[in-house]
Amino acid sequence: MTADTPARTPFRKILIANRGEIALRIIRTARALGYRTVAVHSTADAGARHVREADQAVCIGEPLPAQSYLRIPALIDAARRSGADAVHPGYGFLAENEDFAQACHDAGLVFIGPSAEAIRAMGNKAGAKVLMQAAGVPCIPGYQGEDQSEARLADEAGRIGFPVMIKATAGGGGRGMRLVNSAAEFPELLRSARSEAQSAFGDPEVILERAIVRPRHIEIQVFADRHGHAIHLGERDCSVQRRHQKLIEEAPSPAVDAELRARMGATAVAAVKAIRYEGAGTLEFLLDAEGRYYFMEMNTRLQVEHPVTEAITGLDLVALQLRVAAGAPLAIAQEDVRFSGHAIEVRLCAEDADQGFMPQSGTMALWQMPPQLRVEHALHSGAEIPPYYDSMIAKLIARGDSREDARRLLMAGLEDAVALGVTTNQAFLHRCLGHEVFAAGGATTAFIAEHQAALLAPDAALRARAAAIAAVLLYETTAAPQAPGQRRLAPSLPIGMRLQVGGETVAASVVLTAEGAFAVGLGDTHHRIALRTMEGHRARFTCNGLEESVVFHRDGATLLMQYAGLPIRIEDRTRAAAARQGDAGGDGKVRASMNGRVVAVQAAVGDTVQAGQPVLTLEAMKMEHVHAAPVTGRLIALHVKPGDQVAASRVVAEIEAQAPAATPA
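Report on the accompanying structure. In this text, all values refer to a predicted model and were calculated from it rather than measured experimentally.

A separate point is the overall build of the chain. In terms of helices and strands, the chain carries 16 helices and 39 strands. On the principal axes, the C-alpha backbone points of the chain span a range of 85 × 65 × 55 Å. Per-residue burial for the chain yields a buried fraction of 54% across its 665 residues. A separation threshold of at least 6 residues defines the contact pool for the chain, and within that pool the share at least 24 residues apart is 62%. Accessible surface, the chain as shown: approximately 26,900 Å² in total, 51% of it carbon and sulfur. Once the 68 positive and 75 negative side-chain charges of the chain are each reduced to a mean point, those two points are 4 Å apart.

Here it is as structure tokens:
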């Protein structure tokens, strides 16, 4: 595809055009190989860990990605000012932007990735499908034409047949992707997909594809150099997803045997050779129940889930990237690639699984990661999770001799990981790993949708036990008693407490027994708790005869606690006034569910709206979130307009509730 070019000039200093855990991952390998590194950051990331750990750092703009991490001139200028002679884009942001690769080339910088031509060809889903079809790669039937009118797209969707997938042609990560089940919902889902694609990638163009029911999502890792060599490093199974974004990845896939691996690998290698690709890349396929596979897209960059491939091959993929970018040939041939053991990765995200995986932001009060896992992150206790970027905050990876070894180790590591202060999907990930379908290796892309009720089901007994322990910790950490055994509470004198646990208010009664233990009553349940030790953020206690530990952090009336692998937030509402009737959502006020930016307003002042009808849409962490009317009535106030940045809980609209019609006598 590209003309032969001379070997690149060796580079010495790398500017990392990214942030967070991937920036730190690149810094680690670059430093081990003797390269100097330059970090870039927005004003929101001025105190971030990747900024502190790089040799140099440059501020490139304001918090929003369009004002910082997506500003090509600012990045080129940062490289010039710092003396960097190479740029690593990481993943996300501009990693698959051909204009950025070309700008680096034009500035005399080595772009650690494929050429701008290759990115342009394969980074665009429509163009990539045409190329792959020409190369004989099986592709999903669909539409990838230039006519992007709503009428043409609607006609093509009908021709393909529902269900159909709408996909942004640029970028990936599930952004700009919608599953459409009927013609009636096509217009609104098309608008939403285009809006999200424009925001995430600066390009609203989409393609349409037939939706394959319950497939596996299998991707093949490839590497190619400028000397005509190309290899594959096996497959990764990325089937466990929510909102078309991967949550759990593993290698090898439990659905791929050696023969299928060889066929898919050969297809991937032939594809990258056909386009004279250079660097790291991933070809993504859907695998149906009959073993047929279909090309979806190619990611012309390093993948988030590359650690599982590293774990079973023993290779450092970033080191391979740097070697190829410097013009050296691949030091490994296909027959030298060996696979050993099994690896599983989970993406820890700042999101609330119980609230539709809504992104979260704020301060991570307590952060402790398990030493038995490989953990890629850029956090520390007290770190801020800003609302402007992707919700993924860490990756936890376990490797074992067998799949079961890796699964068991990862489940234990998730139980030990402490992430308190910002709601995460930690408990949800643990339930996914523990589900019998995943344990048997049977998860498809429909796994979460089909088992969501079980995966989200609260453990009432565990929550009750946690609430009882929390009541004792709240007592013990209020006005700090001198030491266990020196109590302010007299034996047999009960005190009443009101606790809010997971959105539910519960009444607790705490009594100090003559033996120095606590008797805690919660409704119909009773617990006997004896505190053994309390040092820092960890307490050891006996509850109903079982000795165990808990990790906690107290901030005023809020107790953040991790117990039996469950992160839980408990609010001491003992002294708070009872909630006013109507405050639970019946007051007609629409409140922002998170910090975000208004991207669409779907109703006007004076309109009559039905309960559940969309009023406006916020974008946070690159995802759109529709805010609906809580009651039926007339929209009397709209306090925001498209483009406004709003804080969580801010009232953005007000609805005057409509009185129910009188029932005839």
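Applying the stated criterion to the full structure yields 11 aromatic pairs. The interplanar angle of 15° and the centroid separation of 4.9 Å between the aromatic rings of Tyr69 and Phe93 together place this pair among those described as stacked. In this pair, Tyr69 is assigned in the loop between β3 (56-61) and α3 (72-82) and Phe93 in the loop between β4 (86-88) and α4 (98-106), connecting sequence segments 24 residues apart. For the pair formed by Tyr69 and Phe93, the shared burial category is buried.

What follows is about the side chain of Asp288. Looking at the secondary structure, you find Asp288 in the loop between β13 (279-287) and β14 (293-299). What makes Asp288 buried here is its relative accessible area of 11%. Of note is the side chain of Asp288, whose polar atom sits 2.9 Å from the backbone nitrogen of Glu290.

So, about the packing of helix α1 (residues 20-32) against helix α11 (residues 317-325). In the contact formed by α1 and α11, the axes pass within 9 Å of each other and the chain directions differ by 65°. In terms of their interaxial angle, α1 and α11 are classed as roughly perpendicular. Between α1 and α11 lies a crossing of right-handed hand. For the pair formed by α1 and α11, the contact residues are Arg25, Ile26, Thr29 and Ala30 on the first element and Leu317, Val318, Ala319 and Leu322 on the second. Of the residues contributing to the contact of α1 with α11, the split by class is 6 nonpolar, 1 polar and 1 charged.

With parallel pairing, the 5 strands of this open sheet are ordered in space as β3-β2-β1-β4-β5. Of all the strands in the sheet, just β3 and β5 (110-111) have a single pairing partner and so form its edges. Alignment of strand β1 (residues 13-16) against β4, held across 3 bridges, turns out to be parallel. Counterpart to Leu15 in the pairing with β4 is Val87.

Judged by how many residues are buried, β14 sits mostly within the fold: 7 of 7 residues are covered. Judged from the 6 bridges that link them, β13 and β14 form a sheet pairing that is antiparallel. Each bridged residue has a counterpart across the sheet, and for Thr282 the counterpart in β14 is Asn299. Here β13 folds back onto β14 in antiparallel fashion, the turn holding 5 residues, of which Gly291 has a positive phi close to 90°.

Residues Lys13 and Leu15 line one face of β1 and the alternating positions Ile14 and Ile16 line the opposite face, and both faces are buried. In this view, the connection linking β1 to its parallel neighbour strand β2 (residues 36-42) by way of α1 has right-handed handedness.

Right, let's talk about the state of the cysteines for a bit. Scanning the model with the defined rule gives 0 disulfides in all. Among the cysteines around Cys59, which has no disulfide bond, Cys104 carries the closest sulfur, lying 19 Å off. When its relative accessible area of 38% is taken as the criterion, Cys59 is described as partly exposed.

For the structure shown, the criterion picks out 46 salt bridges. A salt bridge links Glu235 to Arg261, with the shortest nitrogen-to-oxygen separation between them at 2.6 Å. Pair noted here: Glu235 is in strand β11 (residues 230-242) and Arg261 is in helix α9 (residues 258-274), with a separation of 26 residues, a long-range link. Taken as a pair, Glu235 and Arg261 share a single burial class, namely buried. Of the charged contacts, one joins Arg347 and Glu249 as a salt bridge, the two residues approaching to 2.6 Å between their closest N and O atoms. Residue Arg347 is located in strand β15 (residues 342-349), and its partner Glu249 is located in strand β12 (residues 245-251); the two are separated by 98 residues in the primary sequence. Residue Arg347 shares its accessibility class with Glu249, and that shared class is buried. Ionic contacts of the salt-bridge type, sharing partners, join the residues Glu219, Arg236, Lys246, Glu249, Glu284, Glu305 and Arg347 into one network.

Next up on the list: the nonpolar core. Among the nonpolar cores identified, the biggest contains 70 residues, and Phe11, Ile14, Ile248, Trp367, Leu396, Phe428 and Leu433 are the most heavily contacted of them. Element by element, the count of residues in this core is highest for α11, at 6 residues. Sequence-distant contacts of Leu396, defined by excluding residues within four places in its chain, comprise Ile344, Glu345, Val346, Leu348, Leu373, Arg374, Val375, Leu410, Leu414 and Ala417.

With that out of the way, let us pick up the environment of Asp644. The topology assignment puts Asp644 in the loop between β37 (633-638) and β38 (645-646). We classify Asp644 as buried; its relative accessible area is 18%. For the pair Asp644 and Val375, spaced 269 residues apart in sequence, the C-alpha separation works out to 36 Å. Non-local contacts of Asp644, meaning those with residues more than four positions away in its chain, are made with Gly596, Arg597 and Val598. Reaching out from Asp644, the side chain makes a polar contact with the backbone nitrogen of Lys641 at a distance of 3.0 Å.

Summarising the element assignment, Lys129 is placed in helix α6 (residues 125-134). Reaching out from Lys129, the side chain makes a polar contact with the backbone oxygen of Ile140 at a distance of 2.5 Å. Aside from chain neighbours lying at most four places away, what touches Lys129 is Cys139, Ile140, Pro141, Gly142, Gln144, Ile207, Glu209 and Phe295.

Analysis parameters
Residues numbered from 1 in each chain as written. Predicted model: local features only at pLDDT ≥ 70, side-chain atom pairs only at ≥ 80, totals over all residues. Heavy atoms only, no water. Helix = DSSP H or I, 4+ residues; strand = E, 2+ residues; numbered from the N terminus. Buried < 20%, exposed > 50% of the residue type's maximum accessible area, 1.4 Å probe, protein only. Contact = heavy atoms within 4.5 Å. Areas by Shrake-Rupley, 256 points an atom, 1.4 Å probe, with all protein chains shown as cover. Lys, Arg positive; Asp, Glu negative; His and termini not counted. Charge placed at Lys NZ, Arg CZ, Asp CG, Glu CD. Phe/Tyr/Trp six-rings, centres within 6.5 Å; stacked < 30°, edge-to-face > 60°. Polar contact = N/O pair within 3.5 Å; in protein donor to acceptor, adjacent residues only side chain to side chain. Axes fitted to C-alpha atoms, helices over the stretch in contact; angles between N-to-C directions. Parallel < 35°, antiparallel > 145°, perpendicular 65-115°, else oblique. Left-handed = near helix turned anticlockwise from the far one by under 90°. Nonpolar A, V, L, I, M, F, W, Y, C, P; charged D, E, K, R; others polar. Pairing = 2+ DSSP bridges. Right-handed = clockwise from strand over helix to strand, strands pointing away. Disulfide = S-S within 2.5 Å. Salt bridge = Lys/Arg side-chain N within 4 Å of Asp/Glu carboxyl O. Core = buried A, V, L, I, M, F, W, Y, C linked by side-chain atoms within 4.5 Å.

Keep in mind that these numbers describe shape and distance, not what the molecule does.
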